[in-house]
Amino acid sequence: MEKGLGAVATILIRQGTLSVGDVFVVGETFGRVRGLINSSGVRVKSVKPGQPAMVLGLESVPAAGDELHVMETEAQTREVAAYRIQKAKDKANAVKRSSLEELFAKRDETKKLTLPIILRADVQGSVEAISDMLRGFNSDKAGVELLSAGVGQITEGDIRLATASGAVIIAFNVRADSAVRDMARNNGVDIRYHSVVYRITDEIKEILSGKLAPEKRETFIGYADVIALFTVGKGTRVAGCRVSEGTIKKSAFVRLLRNNVVIYDGKIGELRREKNEVNEVSGAGVEFGMSFDKYNDIKEGDRVECYEVQEIKAQL
């Protein structure tokens, strides 16, 4: 994502023409076209029917399958997006009430352990594959109730639904922003972050079998934003970063996030502060340089998530 141009989405024009400067609404978000990049990676002023293009200028990332509509005024786009957001909230509340009633009714009738789950993933293909996998975890004694599944970062609506239903949120290669994380923490919502599918299946099996062993739990210790890029040595890409919260430790693990989607998960190559190699940096606003172990696809605007892994006694 280019700095200052908002969120980015790839769209396919079905009819009409989309041009730089147009205001639009797509799903529950809206924006103004700040830039268009065609399938060849070339900047263009407009795209015609049948042409895919990357659109820059969205307020947030839409869901896969959302249709884009050009509007006459920005006020119209805001009004339509606000209406759709409220409609989605009403639908979520309706799902929450019916799901809870059915959940407790089934539990009272069969004494079956049912684990309510909310799923968020990076792409629609992941949502469909993991949803199918979760629905397969059903037996006479235990099962899964998939209350909600969608593409993109964890939302406040997910936290509200999880709070009311006691659901666990499964997040595959996506994250929650700071406001949503605080909301989850305050409401005691359990968010399980994953980047490998089989770990989800293992965890669900353990929970449903009642044999949840001590597990490796991630603890987020710091975040930083990539504000500049440098190349050193034999093509090693170095990110100039600024700490936004917490601490970045060389001994810990890091993920590189782009639009709250994980694009790298591993270790730090080098960590430097004022040209000196250090073991950690901390404090909001502190600037430093870092490289990633055997990974160079870094862009300005990316976010670094630093976390430690500890073994704790798991609880249902």
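Note that this is a predicted model, so its numbers are computed, not measured.

Criteria and thresholds
Residues numbered from 1 in each chain as written. Predicted model: local features only at pLDDT ≥ 70, side-chain atom pairs only at ≥ 80, totals over all residues. Heavy atoms only, no water. Pairing = 2+ DSSP bridges. Helix = DSSP H or I, 4+ residues; strand = E, 2+ residues; numbered from the N terminus. Axes fitted to C-alpha atoms, helices over the stretch in contact; angles between N-to-C directions. Contact = heavy atoms within 4.5 Å. 1 Å grid on protein atoms, 1.4 Å probe; cavity = no way out; pocket = protein on both sides within 12 Å on 5 of 7 lines; lining within 4 Å. Points joined across faces, edges and corners; volume = space filled by probe spheres on them. Nonpolar A, V, L, I, M, F, W, Y, C, P; charged D, E, K, R; others polar. Salt bridge = Lys/Arg side-chain N within 4 Å of Asp/Glu carboxyl O. Buried < 20%, exposed > 50% of the residue type's maximum accessible area, 1.4 Å probe, protein only. Phe/Tyr/Trp six-rings, centres within 6.5 Å; stacked < 30°, edge-to-face > 60°. Lys NZ or Arg CZ within 6 Å of the ring centre and 35° of its normal. Arc of directions from axis to C-beta.

Draft legend 1. Geometry of the sheet that holds strand 10 (residues 142-151). Overall, parallel pairing links the four strands, which are arranged 10-9-11-12 in an open sheet. The open sheet has two free edges, formed respectively by strand 10 and strand 12 (191-194), since each of these has just one partner strand. Direction aside, neighbouring strands of the sheet carry axes that sit 25 degrees apart on average. Two elements, strand 9 (residues 113-121) and strand 11 (residues 168-172), share five bridges in a ladder whose sense is parallel. When the sheet's bridge partners are listed, leucine 119 is paired in strand 11 with isoleucine 170. Packing against the sheet, helix 3 (residues 156-165) makes contact with strand 9, strand 10, strand 11 and strand 12, and its axis sits at approximately 175 degrees to strand 9.

Draft legend 2. Spatial organisation of the layout of surface pockets. Roughly 1100 Å³ of volume is contained in the second largest pocket. If you list the elements that add at least two residues to the lining of the second largest pocket, you get helix 4 (178-187), strand 12, helix 5 (197-209), strand 13 (215-232), strand 14 (236-249), strand 15 (253-258) and strand 20 (303-312). When grouped by side-chain class, the residues that make up the lining of the second largest pocket number 13 nonpolar, six polar and 17 charged.

Draft legend 3. Quick look at the pattern of salt bridges. Counting across every chain of the model gives 22 salt bridges. Residue arginine 258 pairs with aspartate 302 through a salt bridge whose shortest N-O separation is 2.8 Å. Residue arginine 258 is found in strand 15, and its partner aspartate 302 is found in the loop between strand 19 (287-292) and strand 20; the two are separated by 44 residues along the sequence. One salt bridge in this structure joins arginine 273 and glutamate 274, with 3.8 Å as the shortest N-O distance. A residue is classified by how much of its surface remains accessible, and arginine 273, at 30% relative accessible area, is partly exposed. Among the ionic contacts, a cluster of salt bridges with common partners joins Arg175, Glu218, Arg255, Asp265 and Glu305.

Draft legend 4. View of the packing of aromatic side chains. Throughout the structure, instances matching the rule amount to five aromatic pairs. Relative to tyrosine 307, the ring of phenylalanine 253 has its centre 5.6 Å away and its plane inclined at 25 degrees; by these criteria the two rings are stacked. Taken together, the positions of phenylalanine 253 in strand 15 and tyrosine 307 in strand 20 put the pair 54 residues apart, joining distant regions of the chain. One aromatic cluster is present, formed by Tyr193, Phe220 and Tyr223 through successive ring pairs. Here the basic side chain of lysine 267 rests over the ring of phenylalanine 253, its NZ or CZ set 4.6 Å away from the ring centre.

Draft legend 5. Spatial organisation of the environment of alanine 171. Secondary-structure assignment places alanine 171 in strand 11. Here the alpha-carbon distance between alanine 171 and glycine 152, two residues 19 residues apart in the chain, equals 9.3 Å. Those residues in contact with alanine 171 that sit more than four places away from it in its chain are Arg120, Ile154, Ile191, Arg192, Tyr193 and His194.

Draft legend 6. Up close: helix 4. If you check which residues of helix 4 are buried, you get Val180, Arg181 and Ala184. Burial along helix 4 is one-sided: seen end-on, the buried residues are contained in an arc of 105 degrees. Exposed residues lying more than 90 degrees from the buried face of helix 4 are Arg185 and Asn186. Immediately beyond the C-terminal end of helix 4, within one or two residues, lies glycine 188, with a positive phi of roughly 65 degrees.

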